[in-house]
Amino acid sequence: MILQNINHDCGYHTQKLATMFFPLEKISDSGESEIAVTTEKNGDRLTVSARVYSKEHTLSCVCGDDTAHDLSVLMYRVLSDVTGFEPPWGILYGVRPARLMHATVEKLGESGAIKKFETDLVKSQKTELALEVMRKENEIISLSKANSYSLYVSIPFCPTRCAYCSFVSHSIENAAQLIEPYVDLLCRELEEIAAAVRALSLRLESIYFGGGTPTTLSQKQLAKLFSAIENNFDLSTLREYTVEAGRPDTVTFEKLQTMRDFGVGRISINPQTFSDEVRRAAGRFHTTKQTLEAFDLARKAGFDNINMDFIAGLKGESLDSFKNGIETAVSLGAESVTVHNLALKSAAYLVTENEFFDLGEKTLAADMIDFAYSKLKANGYAPYYMYRQSKSLGNLENVGYAKPGRECLYNIFMMDETHSVFAAGAGAVTKLKGDSYNNIARVYNYKYPYEYISNFDEIIRRKQRIYDFYSNI
């Protein structure tokens, strides 16, 4: 698409709005395209014109004190009119709506924050959701101390790679020979991190094994990693220990028992959908039967805090099928349910004008998200964790719901940037938090397992940045 900004410096905001409406378009300021938007400031007057295929619309208004806000609202109205689509979060494009709500409440109070979200064209249900999540987040954030930290362990391997996956993960078929050396080096990296947190007298709040699929590892490999943590970290202050057992076809009673033996208290068993046909099309080849069996095994192993993930908007999923999935999770008694909005990967659906203006997929995803919100709240789950992705179906949100006291602390600590998160493994990013949200530094590991293995000495050298950061706080 073509986006031209004339006589103003609000290009960052207009580009964010353009991505909200056209998430898969490459944005340029010149050339030819079926989609063209022009924003202009002429004295105290703002004008936005848009042409999307055969549809055109133009609006103007007098500019107030906040040019960026006024221009964003005007652009939103023009693009909503020309596309027939009204993103429910209005002109808000940030990843963390609950944090924005928190900052706005601190400044204006709750009633003032609600009015501010209204002026930003946020739908009332989304405003209420942001308030609910903010309140839950604040309860959990208050648990963190000045010297708190969390630990993330990356296991970037899966049985197969899902069609919708945006994480660093490799199928066992392609990376099996890397797993054993990867686990050995990961134990060494954990030892280095443990030495740093001991030297800095930091307090461990939560541990999270993510991926990939951590339970792709064998029982012996998992035990080796759990032992490295138990032998090197002070676990006396640990509030939560989570392992993603996301692919039911990787779950065995032996692995579950090993997790319990080492103090893991929370796991995820993720169907994504309870339709075998939809799941196969997405590249996941376990069955609904395997999901139910894995859940039952986890209960027998003693787990009383199990999360289940779902994705709204998977290709071929009907609203009834999605509803069945959420209802099944509720009937199983899952302690938490996380509902993700499909992240967009392909522009194939933009092939024709008719397909572009077909809002069916966006409307369906919104209906799924709304159903999950209503059903889960009615059954004692509360939204506690939320984030957004810029390129997602219908510009919707990802939300974690939990029964009281079953919220994933790590998710909130990480998303809020409450305290430092020390991360180990391929693709892991250590995020160091100082005395404010403006004082954050990142230490990156190499992205892929083969790079991690080949450049491990450099990864260890980068750990010096941890000491440097804390010495300057």
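Thresholds, definitions, all that
Every chain is numbered independently, its residues counted from 1 as its sequence is written. Restriction of local features to residues with pLDDT of at least 70 applies here, the model being predicted, together with a cutoff of 80 or more for giving and counting side-chain atom pairs; totals for whole chains, interfaces and linings are based on all residues. The basis for every side-chain value is the complete set of heavy atoms in the structure, and neither hydrogens nor water enter the calculation. Secondary structure elements follow DSSP: runs of H or I of four or more residues count as helices, runs of E of two or more count as strands, with numbering from the N terminus. Contact criterion: two residues are considered in contact whenever any of their non-hydrogen atoms come within 4.5 Å of each other. An axis is simply a line fitted to the C-alpha atoms; with a helix, the fit covers only the stretch in contact. Between two such axes, the angle follows the N-to-C directions and lies from 0 to 180 degrees. Throughout this description, any angle smaller than 35 degrees is read as roughly parallel, any larger than 145 degrees as roughly antiparallel, any in the 65 to 115 degree range as roughly perpendicular, and the remainder as oblique. Left-handed describes a crossing whose near helix is turned anticlockwise from the far helix by less than a right angle; the clockwise case is right-handed. Here the nonpolar group is Ala, Val, Leu, Ile, Met, Phe, Trp, Tyr, Cys and Pro; Asp, Glu, Lys and Arg are the charged ones; every other residue, Gly included, is treated as polar. The salt bridge criterion pairs a side-chain nitrogen of Lys or Arg with a carboxyl oxygen of Asp or Glu, the two atoms within 4 Å. Burial here depends on accessible area, computed with a 1.4 Å probe over protein chains only, as a share of the maximum for the residue type. Under 20% is buried, over 50% is exposed, and the range in between is partly exposed. This arc is built from the directions going out from the helix axis to the C-beta atoms.

Let's talk about the environment of Met414
By the secondary structure assignment, Met414 is in helix 13 (residues 409–416). Along the primary structure Met414 and Ser150 are separated by 264 residues, whereas in three dimensions their C-alpha atoms are 8.3 Å apart. Discounting chain neighbours no more than four positions away, the residues touching Met414 are Tyr385, Val421 and Lys431.

Describing the packing of helix 3 (residues 97–119) against helix 4 (residues 124–141)
For the pair helix 3 and helix 4, the least separation of the axes is 9 Å and the interaxial angle reads 120°. In this view, helix 3 runs oblique relative to helix 4, as classed from their interaxial angle. Remark: the crossing between helix 3 and helix 4 carries left-handed chirality. Counted together, Pro97, Ala98, Met101, His102, Val105, Glu110, Ile114 and Phe117 of helix 3 and Thr127, Ala130, Leu131, Val133, Met134, Arg135, Glu137 and Asn138 of helix 4 form the full contact between these two elements. For the contact of helix 3 with helix 4, a count of residues per class yields 10 nonpolar, three polar and three charged.

Let's talk about the pattern of salt bridges
Taken as a whole and judged by the stated rule, the model has 22 salt bridges. The partner of Lys463 in a salt bridge is Glu189, and the shortest N-O contact between them spans 2.9 Å. Of the two residues, Lys463 sits in the loop between helix 15 (456–462) and helix 16 (464–471) while Glu189 sits in helix 5 (residues 172–199), which places them 274 residues apart along the sequence. Comparing Lys463 with Glu189, the two get one shared label, buried. Its salt-bridge partner being Arg461, residue Glu458 comes within 3.0 Å of it at the nearest N-O pair.

Remarks on helix 7 (residues 253–261)
Within helix 7, burial applies to Lys255, Leu256, Thr258 and Met259. What you see down the axis of helix 7 is that its buried residues fit within an arc of 160°, all on one side. Across from the buried face of helix 7, at angles greater than 90 degrees, the exposed residues are Glu254 and Asp261. Contact partners of the buried residues in helix 7: helix 6 (219–232), strand 9 (240–244), strand 10 (266–268) and helix 9 (288–300). Among the residues trailing helix 7, Gly263 stands out with phi positive, at a value near 95°.

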